[in-house]
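# Structure at a glance
Take a look at the letters that make up each chain.
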Amino acid sequence: MDSEPQNKPTLHSIWPPQGKCVGSDFPGFERCGEVSAHPLAKKIQELGYWIAVVIIFALAALLRFRLPLDPIILPNYLLPALKKLVGPEFGQIHFARTIIYPGFVYLLMRVFGDFRAITVAQNLLGLSAGAVFLLTWRRIRDFIPNPRLPYSIYRWLGLLAVAVYLFSREPVYFERDIRPEGICGFLISINLYLVIQFAAYCFLENRRTATVACGIAVVFSSILLASVKPSFWLTTIIALVPVAMFLFRRRWIRQKIALVGGATLSAALLLLHEHFFIHKKETGECYLPTQLFVIHANLIRDQMADDIERGAKVPYPQEWLGRFYAKLSTEIAKSAAAGPHYYSSLGFDPDYLMWNETSIVGQLRTEFRNDVPSLCAFYQFYYWRIWKHRPLLLVRKIVRQMAIFYAPKCPAYRLRKSLLLSDEYDRSATLMERLRNVWTAYPPAIDFMNRTALLARSAPVAEQSAYIRKAHQILAATYLALLVVALALAIFVFMQSERRTSFGWLVALVLFLYAYTFANCLEVAIIHSLANPRYTTVQVFVTILAQFLTIVLILEILLGSRALIGREGKIASLRPRSRRAFYHRSKRTC
């Protein structure tokens, strides 16, 4: 039997002590800073807060919808949907991703028949991410047993964090792209909210049915995020840590079985669905090995030189290997001269090697006569060979990439004042010209391309306000410092039982958010490069939440320490008076 006595005390039934206040919204509980407030003052504060919420979201919506609604195209994500719209099935799914995002684009086009529906939907999801941020911030308050920071201040801090996110240019820019980053902010917000809700249901409130339902939702949202944006697969492990902790909890056997069964079914729906909808082309299946090869091309080149010099036994002829080594060296030198500046940490441009038709990947495809399995085997062989013979250099590469994110100024925040949308639309039109034979068969695409050509000449500049740039400068400069402070405070809190009781859950949530970002950075550092801005700016939702929550932790500990010092000082001031009173009472007795 896994049932427990109905009258078993829960955390909320024994905490806080009589007369204390907590950060919960349950009946009978009041928040610190609200007990003594005048009812009229409370109503005015409440009205002011909600007016501010409405104004912020209205301005954020205006910021999004006053820009052109025609999306900026990345063909690799639009092509599968276009092929389904004009043909019997989805086309090639690029980048080893699932059908989920192309399916999202396809459904919008199928229902509305207008490319602008994609931008509108992504803008609405971006605004929804801000709303979920507020819900998450409100729920986090329940993890503080006896908050010292007044709830009004806590709530306004959360609203400030939401404003910074909603007015940031990079999320707005992502929402105009036909690429997964356009919905990643929303998916991240949902995933974090569900994880925190699960922890509250399971560890604070002991609500069994809610725990099971929310746990299944956590698994589903985590896999959904990683399926849309594969750089979050390692982050999924961090997101599922609370669920794993629940599975090791005593009793609750039926709930564990239900959660595992529901999670397995949801994972199967997400991971196996594409076998029923698409037939992948072989060229798409070799993306990851190709990516690993071009990102580590310099190390592979040096390993080939060693193999040729030593006459190492490898499954490829020495004469062919020498010829290929010369080609690879030449193409790396070309890429270093022609590539974007943001790959300076690698010393060459892997995108040039991969996508330039005359570069090394195209040459290898010709060498292997489009034999994809053999080509993938070659890529994998030399990637694992450098791990075997040059592990320290690979570790150094990973550390160097991690240092890009954990720099004195965190690159999750973009500090540029403006972005020329006309350049983006011009690039979009150029890329789509190569697919003219596909989109000319779909009438809405013809209208869209005509508008894109016009926007390439007349699109406005997307600007970021001075206030948000200043906020980004402060947040970028303090991210690393706040991370160090959070780690130090974690040690301080967990060293003493009373501090663990007061701040343990808050510290755990702060560390969870930093670990969430760290896992994503580590995966990108291993497989790709954090020098690509998309891999850093996509994490801006988590970084803002983590930094503002760290500020709350600092304030709570400072206010708690001040209260403790005041209480000890009061006790100390009473002690001499008590001794004199005892002396006079003793003298009278004698």
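Residues numbered from 1 in each chain as written. Predicted model: local features only at pLDDT ≥ 70, side-chain atom pairs only at ≥ 80, totals over all residues. Heavy atoms only, no water.

Let us look at the overall build of the protein. Across its full length, the protein holds 28 helices and two strands. Long-range contacts, defined as pairs at least 24 residues apart, comprise 78% of the intrachain contacts of the protein with a sequence gap of at least 6. (Helix = DSSP H or I, 4+ residues; strand = E, 2+ residues; numbered from the N terminus. Contact = heavy atoms within 4.5 Å.)

With that settled, the discussion passes to the pattern of salt bridges. Counted according to the given criterion, the structure contains 24 salt bridges. The partner of Glu181 in a salt bridge is Arg179, with the nearest N and O atoms 3.4 Å apart. Here Arg179 falls in the buried class, since its relative accessible area comes to 14%. Lys334 is paired through a salt bridge with Glu331; the nearest N and O atoms lie 3.5 Å apart. Taken together, the residues Lys334 and Glu331, both in helix H17 (residues 318-338) and three residues apart, mark about one turn of the helix. According to the relative accessible area criterion, Glu331 is buried, its value standing at 5%. (Salt bridge = Lys/Arg side-chain N within 4 Å of Asp/Glu carboxyl O. Buried < 20%, exposed > 50% of the residue type's maximum accessible area, 1.4 Å probe, protein only.)

One turn of an α-helix holds 3.6 residues; hence residues three or four places apart share an orientation. Helix length check: helix H12 (residues 253-272), at 20 residues, gives a terminal C-alpha distance of 28 Å against a target of 28 Å (1.5 Å per residue), a fit within 8%. Residues of H12 that are buried include every one of Gln255, Lys256, Leu259, Gly262, Ala263, Ser266, Ala267 and Leu270, and no others. Around the axis of H12, the buried residues are gathered within 140 degrees of arc, so they sit on the same side. Every exposed residue of H12 that faces more than 90 degrees away from the buried side is listed here: Arg254, Ile257, Leu265 and Leu269. In this structure, the buried side of H12 is in contact with helix H4 (100-112), helix H8 (181-204), helix H9 (208-228) and helix H11 (241-247). (Expected span 1.5 Å × (residues − 1). Arc of directions from axis to C-beta.)

With that settled, consider the packing of aromatic side chains. Under the criterion given, the structure shown has 35 aromatic pairs. Ring centres of Tyr165 and Phe541 lie 5.2 Å apart, and the angle between their planes is 85 degrees; this geometry places the pair in the edge-to-face category. Of the two residues, Tyr165 is situated in helix H6 (residues 151-166) and Phe541 in helix H28 (residues 540-589); the sequence distance between them amounts to 376 residues. Comparing Tyr165 with Phe541 shows no difference in burial state: the two are buried. Members of the aromatic cluster, joined through ring pairs, are Phe293, Tyr316, Trp320, Phe324, Phe368, Phe378, Tyr379, Phe381 and Tyr382. The ring of Tyr49 has Arg155 lying over it, and the distance from NZ or CZ to the ring centre is 4.1 Å. (Phe/Tyr/Trp six-rings, centres within 6.5 Å; stacked < 30°, edge-to-face > 60°. Lys NZ or Arg CZ within 6 Å of the ring centre and 35° of its normal.)

As a further point, take the side chain of Arg169. With respect to the element layout, Arg169 can be found in helix H7 (residues 169-174). Engagement of the side chain of Arg169 in a polar contact is seen with the side chain of Glu170, the distance being 3.3 Å. Other than its neighbours up to four places away in sequence, Arg169 contacts Arg414, Arg416, Leu419, Ala462 and Gln464. (Polar contact = N/O pair within 3.5 Å; in protein donor to acceptor, adjacent residues only side chain to side chain.)

A word on the nonpolar core. Of all hydrophobic cores here, the largest spans 142 residues; its most connected members are Leu82, Phe115, Trp137, Ile178, Leu192, Tyr516 and Ile544. Setting aside residues up to four positions removed in sequence, Tyr516 forms contacts with Ile188, Asn191, Leu192, Leu225, Phe232, Thr235, Ile238, Ala239 and Val542. With 37 residues, the next largest nonpolar core counts Tyr287, Val294, Tyr382 and Tyr383 among its residues. (Core = buried A, V, L, I, M, F, W, Y, C linked by side-chain atoms within 4.5 Å.)

The next thing to look at is the environment of Pro242. Mapped onto the elements of the fold, Pro242 is located in helix H11. Pro242 sits in the buried class, given a relative accessible area of 11%. Leaving out residues up to four positions away in the same chain, Pro242 has contacts with Val195, Phe198 and Phe203.

The next subject is the environment of Pro147. Looking at where Pro147 falls in the secondary structure, it is placed in the loop between helix H5 (116-140) and H6. A sequence separation of 408 residues divides Pro147 from Leu555, and the C-alpha atoms of the two residues are 9.9 Å apart.

Take the confidence of the model for the protein next. Averaged over all residues, the pLDDT of the protein is 84; the fraction at 70 or higher stands at 85%. Of all the helices and strands in the protein, helix H1 (residues 11-14) carries the lowest mean pLDDT, 42, while H5 carries the highest, 96. Low pLDDT, under 50, characterises residues 578-583; the stretch is placed with zero contacts to residues that sit more than four places away or in other chains. (pLDDT = per-residue confidence, 0-100.)

Moving on to unusual backbone geometry. Excluding glycine, residues mostly have negative phi values, and the peptide bonds linking residues are mostly trans. Of note, Asn206 is a non-glycine position whose phi angle comes to about 55 degrees, a positive value. Structurally, the position occupied by Asn206 is in the loop between H8 and H9. One non-glycine residue, Asn370, adopts positive backbone phi at about 60 degrees. With respect to the helices and strands, Asn370 occurs in the loop between helix H19 (360-367) and helix H20 (372-389).

We now examine a nonpolar patch on the surface. Nonpolar side chains collect at one region of the surface, where Leu47, Ile51, Ile55, Leu59 and Leu62 lie side by side and expose about 470 Å² of accessible area between them. Turning to its location among the elements, Leu62 is positioned in helix H2 (residues 39-65). (Patch = residues over 30% accessible without salt bridge, like charges linked within 9 Å, V, L, I, M, F, W, Y side chains within 5 Å. Areas by Shrake-Rupley, 256 points an atom, 1.4 Å probe, with all protein chains shown as cover.)

On the secondary structure map, Ser428 appears in helix H22 (residues 421-433). Among all residues touching Ser428, those that are not within four sequence positions of it are Ile72, Ile73 and Thr452.

Let us now look at the packing of H5 against H8. The geometry of H5 relative to H8 is characterised by a closest axis approach of 8 Å and an angle of 25 degrees between their N-to-C directions. In terms of their interaxial angle, H5 and H8 are classed as roughly parallel. Judged by the twist between their axes, the crossing of H5 over H8 is left-handed. The segment H5 lies against H8, with Gln122, Leu125, Ser128, Ala129, Val132, Leu135, Thr136, Arg139 and Ile140 engaging Gly182, Ile183, Gly185, Phe186, Ser189, Ile190, Tyr193, Ile196, Gln197, Ala200 and Tyr201. Tallied by class, the residues present in the contact of H5 with H8 amount to 12 nonpolar, seven polar and one charged. (Axes fitted to C-alpha atoms, helices over the stretch in contact; angles between N-to-C directions. Parallel < 35°, antiparallel > 145°, perpendicular 65-115°, else oblique. Left-handed = near helix turned anticlockwise from the far one by under 90°. Nonpolar A, V, L, I, M, F, W, Y, C, P; charged D, E, K, R; others polar.)

What follows is about the packing of H19 against H20. Between H19 and H20, whose axes approach to 9 Å, the crossing angle comes to 130 degrees. Taken together, the axes of H19 and H20 lie oblique to each other. Of the two elements, H19 crosses H20, and the hand of that crossing is right-handed. On H20, the residues touching Val361, Leu364 and Arg365 of H19 are Leu375, Phe378 and Tyr379.

When the terminal C-alpha atoms of H2 are compared, their 39 Å separation across 27 residues agrees well with the 39 Å that a helix rising 1.5 Å per residue should span. Looking only at H2, the buried set comprises Tyr49, Ala52, Val53, Ile56, Phe57, Ala60, Ala61, Leu63 and Arg64. Considering only its buried residues, H2 is in contact with H5, H6 and H7.

This paragraph deals with the environment of Thr136. Following the sequence through the fold, Thr136 ends up in helix H5. C-alpha separation for the pair Thr136 and Gln197, spaced 61 residues apart in sequence, amounts to 8.3 Å. With sequence-adjacent residues up to four places away left out, Thr136 is seen in contact with Ser189, Tyr193, Ile196 and Leu545.

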